[in-house]
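Listed here are the chains, written in short residue letters.
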Protein chains: 2
Amino acid sequence: MELTERKKKILQLVVDDYIETAQPVSSKSITEKYLTTISSATVRSELSALEELGYLYQPHTSAGRVPSKEAYKLYVNELMVKDNLSTKELDYIEKIFLEKTNSVEEIIKKTAKVISELTQYTSLAISSHDGQEIIRNIKLFRIMPESALLVIVTDTKLFKDAVIELPHDLPDDNLENANNLLAEFFTGKTLAEACADNLKIDESFAGYKAVFSEVIGALKEYVSRSDEVITEGEDKIFEHPEYADIDKIRDFMSVVTKKDKVLNLLSENRSIKLNIKIGAEGYEEIPEHCSLVTATYSANGVDIGTYGVIGPQRMDYKKVVSVLENVGKILEAILTNR
Amino acid sequence: MELTERKKKILQLVVDDYIETAQPVSSKSITEKYLTTISSATVRSELSALEELGYLYQPHTSAGRVPSKEAYKLYVNELMVKDNLSTKELDYIEKIFLEKTNSVEEIIKKTAKVISELTQYTSLAISSHDGQEIIRNIKLFRIMPESALLVIVTDTKLFKDAVIELPHDLPDDNLENANNLLAEFFTGKTLAEACADNLKIDESFAGYKAVFSEVIGALKEYVSRSDEVITEGEDKIFEHPEYADIDKIRDFMSVVTKKDKVLNLLSENRSIKLNIKIGAEGYEEIPEHCSLVTATYSANGVDIGTYGVIGPQRMDYKKVVSVLENVGKILEAILTNR
DNA sequence: TGTTAGCAATCTTTGGCTTTGAGTGCTAAC
DNA sequence: GTTAGCACTCAAAGCCAAAGATTGCTAACA
């Protein structure tokens, strides 16, 4: 059977209506609200055909139709008409990002908040690195006799710090020397280069070999792992009628309250610009009744974070995609220009 | 009417049983499980008296008794027998805290995690300062032409950092000078002294007045506000049968997922060693059906954080209090000794 | 051949009614 | 003061009927 234009149109209407109302869509409501020129009997036969094609199903015989996962997939790929954000919304995004923001953490927190507020869904965020950030400044700062704070500033103008161990009783003068060598050695290199395994540690660094290996360890840790995992608006899920079911809420919360699960979810889509997962799709972290939309943002060609929206399968995809795209555009513009 | 010893005993049994089973306690179950020497009719008349005194109530006529808020209050003050933690539990706490931990953030995260895992309730945590920490080291580190990272190390051996603005085009040499002056001026002072308003900025600092006022601003911010708010085990609430009700879960989540609310809750009890709130008790942040137990820990006479456990009114108070006390003891011992 | 009106069939939802069982309060006896 | 016995109360569960929504099917129509 062929998917005629009219079938597509009706499918789109069903999906849109179901996303809006959370109620199975009847042939009658289609003809009353949208296609007033044809009869409900005609729509009925189309719906019945769409059901046979696997795009719709009925919760029970005397109910309207509900979109299947296949329908949502077709919808996000072909059928949906992206929302245009209001100028109010766009201004809001700009206002937030024009405020001074220096650390990786702050950027991620802010972005997660903006996304959750505009979409009215739960947002997830991790910092992400492809290792292509160039080190602009790197320095150790003693905080205890045997440990130091390593501060790294990269060309995204965001900084990151980590605590490292110092060799036993390293005098302050030597720390100064070590700092000079660190600066000389690492400044201008990308993070990836800085922690490459074949790095030649020059003879002159011999005395600070221990320090260097600690620093490289910290850099590797920074590049390979996101320690910042943020979730915002976890309680937004309660607004959706299909989550009147306590077990679904529990499923949902057992993901969004666990940093390691959120990290896994976002990491796996780190390299993908925009990704839409409808239902679990094999990921054990996503409950079957949920959908996840993720986006990775970058500035100056360098990844700065992966963000996601998690919510019911009946998610307002057109709104979510528009918000993610617009937030990305504005954030990237602001971080690139400064 | 008098609260005889037998009435107290029966009340204790009712509370213990209700905490364990989450079911209204019947006269029959009391005589079967605990007081096998007296008849259920006798217990019934005692229960009826306890109800008249306001300690118990019946969900409906043909149900057993449930403790009132008054009963829980009496229970935590007089009746409960504190749990002894197993050596396994105590070893677990020690093991966690013996790992190297340097930043304020890490300590708080770890402690919140330990408390949640041992109590099986949701834990809340904020960093807290009474301003009595002595500054051991303070330094600025340039991260951009016009901003610097301020790193402060105090005698609790934990560090904290903040980004501050630098005056326009401050040369590196001057930053070095400023650092020397900062060290000279602030080292040895308590945080409270450091941000006292009547601080005399000496003539010789004149050139760095702007830097100093930024630094003092950051110190004030650090002392007055907790920016670190941690929650752990938000999904533990689902384990409790009285939270099969979606509205209660929603109430609960709307508190524990909002950092500002958690901050308010814990801040108000920051100065209190151990505090038990049963029901809202006038705090709009606490749902009426919840209880909150908080504790503030300190090392070397300096506050290091306020922690809380939030859960159903039917909370295992004896376990929670024991865990909070033991975690406090071990944490304080470890932070004091090092 | 596609569209439509009409109608029986299906199945959820709601409300009321009954039964069952747990637990109490009261009374009278010890 | 304690206890056995018993009537009373009320929630919970099961059952049934009525109401309402929506479909699929059929036959007629353009």
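What counts, and where the lines are drawn
- Residues numbered from 1 in each chain as written.
- Chains lettered and ligands numbered in written order.
- Predicted model: local features only at pLDDT ≥ 70, side-chain atom pairs only at ≥ 80, totals over all residues.
- Heavy atoms only, no water.
- Near = heavy atom within 4 Å.
- Polar contact = N/O pair within 3.5 Å; in protein donor to acceptor, adjacent residues only side chain to side chain.
- Helix = DSSP H or I, 4+ residues; strand = E, 2+ residues; numbered from the N terminus.
- Nonpolar A, V, L, I, M, F, W, Y, C, P; charged D, E, K, R; others polar.
- Least-squares fit on C-alpha atoms with pLDDT ≥ 70 in both.
- Contact = heavy atoms within 4.5 Å.
- Domains from an automatic or database assignment.
- Patch = residues over 30% accessible without salt bridge, like charges linked within 9 Å, V, L, I, M, F, W, Y side chains within 5 Å.
- Areas by Shrake-Rupley, 256 points an atom, 1.4 Å probe, with all protein chains shown as cover.
- Salt bridge = Lys/Arg side-chain N within 4 Å of Asp/Glu carboxyl O.
- Lys, Arg positive; Asp, Glu negative; His and termini not counted.
- Charge placed at Lys NZ, Arg CZ, Asp CG, Glu CD.
- Buried < 20%, exposed > 50% of the residue type's maximum accessible area, 1.4 Å probe, protein only.
- Pairing = 2+ DSSP bridges.
- Axes fitted to C-alpha atoms, helices over the stretch in contact; angles between N-to-C directions.
- Parallel < 35°, antiparallel > 145°, perpendicular 65-115°, else oblique.

Please explain the protein's contact with DNA strand D as it appears in this structure.
Neighbouring residues of DNA strand D: 19 residues in total, closest S27(A), R65(A), R6(B), T42(B) and T61(B). The share of sugar and phosphate among atoms of DNA strand D within 4 Å of the protein is 81%. At 3.2 Å, a backbone N or O of S62(A) approaches a sugar or linking oxygen of DNA strand D. Separating a phosphate oxygen of DNA strand D from a side-chain N or O atom of R65(A) is a distance of 2.7 Å. In terms of residue count, helix α3 (residues 40–52) of chain B provides more of the surface near DNA strand D than any other element does, three residues in total. When the residues that make up the surface near DNA strand D are grouped by side-chain class, the tally is three nonpolar, twelve polar and four charged.

Even after reading the chapter, I still don't get the relation of the copies chain B and chain A, so can you show me in this structure?
To go from the first copy of the chain to the second, apply a rotation about an axis and then a shift along the same axis. Screw-axis analysis of chain B against chain A gives a translation of 0.0 Å along the axis, an RMSD of 0.0 Å, and a rotation angle of 180 degrees. Those values place the two copies in the arrangement expected of a two-fold rotation axis. Residue I246(B) of chain B places its C-alpha closer to the rotation axis than any other residue of that unit, at 3.1 Å. Both copies present the same face, since 100% of the interface residues in chain B are matched by interface residues at the equivalent positions in chain A.

Is there a simple way to think about the domain arrangement of chain A in this case?
By a widely used convention, the size of an interface equals the accessible area lost when the partners come together. Here chain A is partitioned into domain 1 (5–79), domain 2 (87–128 + 228–337) and domain 3 (135–224). Placing a centre on the C-alpha atoms of domain 1 of chain A and another on those of domain 3 of chain A gives a separation of 60 Å.

Where do I start with a positive patch on the surface in this structure?
A cluster of basic residues, K109(A), K259(A), K109(B) and K259(B), forms a positive patch at the surface. Mapped onto the fold, K109(A) is located in helix α6 (residues 104–119).

What's the story with unusual backbone geometry in this structure? I'm lost.
Here the phi dihedral of A22(A) falls at roughly 65 degrees; this positive angle occurs in a residue that is not glycine. Position of A22(A) relative to the elements: it lies in the loop between α1 (5–21) and α2 (27–33). Backbone geometry places E281(B), a non-glycine residue, at a positive phi of 50 degrees. Looking at the element boundaries, E281(B) is found in the loop between β8 (274–278) and β9 (290–299). Residue classification places E281(B) among the partly exposed positions, given a relative accessible area of 34%.

Can you help me understand the interface of chain B and chain A in this one?
Taken together, the 33 residues of chain B in the interface contact 33 residues of chain A. Seen at the junction of chain B and chain A, the total is four salt bridges. Salt-bridge contacts for R250(B) lead to E239(A); the nearest nitrogen and oxygen are separated by 3.6 Å. At the boundary of chain B with chain A, the tally comes to six residue pairs in polar contact (both at pLDDT 80 or more). Those elements that place two or more of their residues in the side of chain B that touches chain A are β4 (135–144), β5 (147–154), β6 (159–165) and α10 (246–256) of chain B. Broken down by element, the side of chain B that touches chain A gets its largest block of residues, seven residues, from β4(B). Residue composition of the side of chain B that touches chain A, by class: 15 nonpolar, five polar and 13 charged.

Explain the environment of E332(B) to me, please; I cannot follow it from the model alone.
Residue and element names in this part refer to chain B. By the element assignment, E332 lies in helix α12 (residues 317–337). Residue E332 is classed as buried on the basis of its relative accessible area of 17%. A sequence separation of 71 residues divides E332 from K261, and the C-alpha atoms of the two residues are 27 Å apart. E332 has contacts with K273, T296, Y297, S298 and A299, leaving out every residue within four places of it along the chain. Of note is the side chain of E332, whose polar atom sits 3.5 Å from the side chain of K273.

Teacher, can you tell me more about the sheet that holds strand β3 (residues 122–126) of chain A here?
The strands making up a sheet associate through hydrogen bonds between their backbones, and the pairing can be parallel or antiparallel. All names here are of chain A. Strands sit in the order β7-β3-β10-β9-β8 across an open sheet of five strands; the sheet is antiparallel. Among the strands making up the open sheet, the edge pair consists of β7 (229–232) and β8 (274–278). Going from strand to strand, the sheet's axes swing by 15 degrees on average, the running direction of each strand aside. Here β8 pairs with strand β9 (residues 290–299) via five bridges, running antiparallel. Looking at the pairing, K277 lines up with L292 of β9. α6 contacts β3, β7, β9 and β10 (302–312) of the sheet and is inclined by roughly 35 degrees relative to β10.

Is there a simple way to explain the pattern of salt bridges in this structure?
Working definition: two side chains of opposite charge can pair if their charged atoms are close together. Counted under the stated rule, the structure contains 32 salt bridges over all chains. Measuring nitrogen to oxygen at the nearest pair gives 3.3 Å for the salt bridge that ties K110(B) to E99(B). Here the residue K110(B) occupies a position in helix α6 (residues 104–119), and E99(B) occupies one in the loop between α5 (87–98) and α6, the gap between them amounting to eleven residues. For K110(B), a relative accessible area of 15% corresponds to the buried category. Assessed through its relative accessible area of 41%, E99(B) is described here as partly exposed. Among the ionic contacts, a cluster of salt bridges with common partners joins R6(A), K7(A) and E46(A).

How do you make sense of the packing of helix α1 (residues 5–21) of chain B against helix α4 (residues 69–79) of chain B when you look at a structure like this?
Between two packed helices, both the angle of their axes relative to each other and the distance between the axes serve to describe the pair. All names here are of chain B. Viewed as axis vectors pointing N to C, α1 and α4 meet at an angle of 110 degrees, and their least axial separation amounts to 10 Å. Classified by the interaxial angle, the pair formed by α1 and α4 is roughly perpendicular. Listed contacts from α4 to K8, L11, Q12, V15, D16, Y18 and I19 of α1 are A71, Y72, L74, Y75, E78 and L79. Here the contact of α1 with α4 is composed, by residue class, of nine nonpolar, one polar and three charged.

Would you explain the protein's contact with DNA strand C in this entry?
Taken together, the neighbourhood of DNA strand C is formed by 19 residues, with T42(A), T61(A), S62(A), S27(B) and R65(B) sitting nearest. Considering the 4 Å shell around the protein, atoms of DNA strand C inside it are sugar or phosphate in 80% of instances. In this structure, S62(B) approaches DNA strand C through a main-chain N or O atom, which is 3.2 Å from a sugar or linking oxygen. The dominant element in the surface near DNA strand C, judged by the number of residues it contributes, is helix α3 (residues 40–52) of chain A, at three residues. Grouping the amino acids of the surface near DNA strand C by side-chain chemistry returns three nonpolar, twelve polar and four charged.

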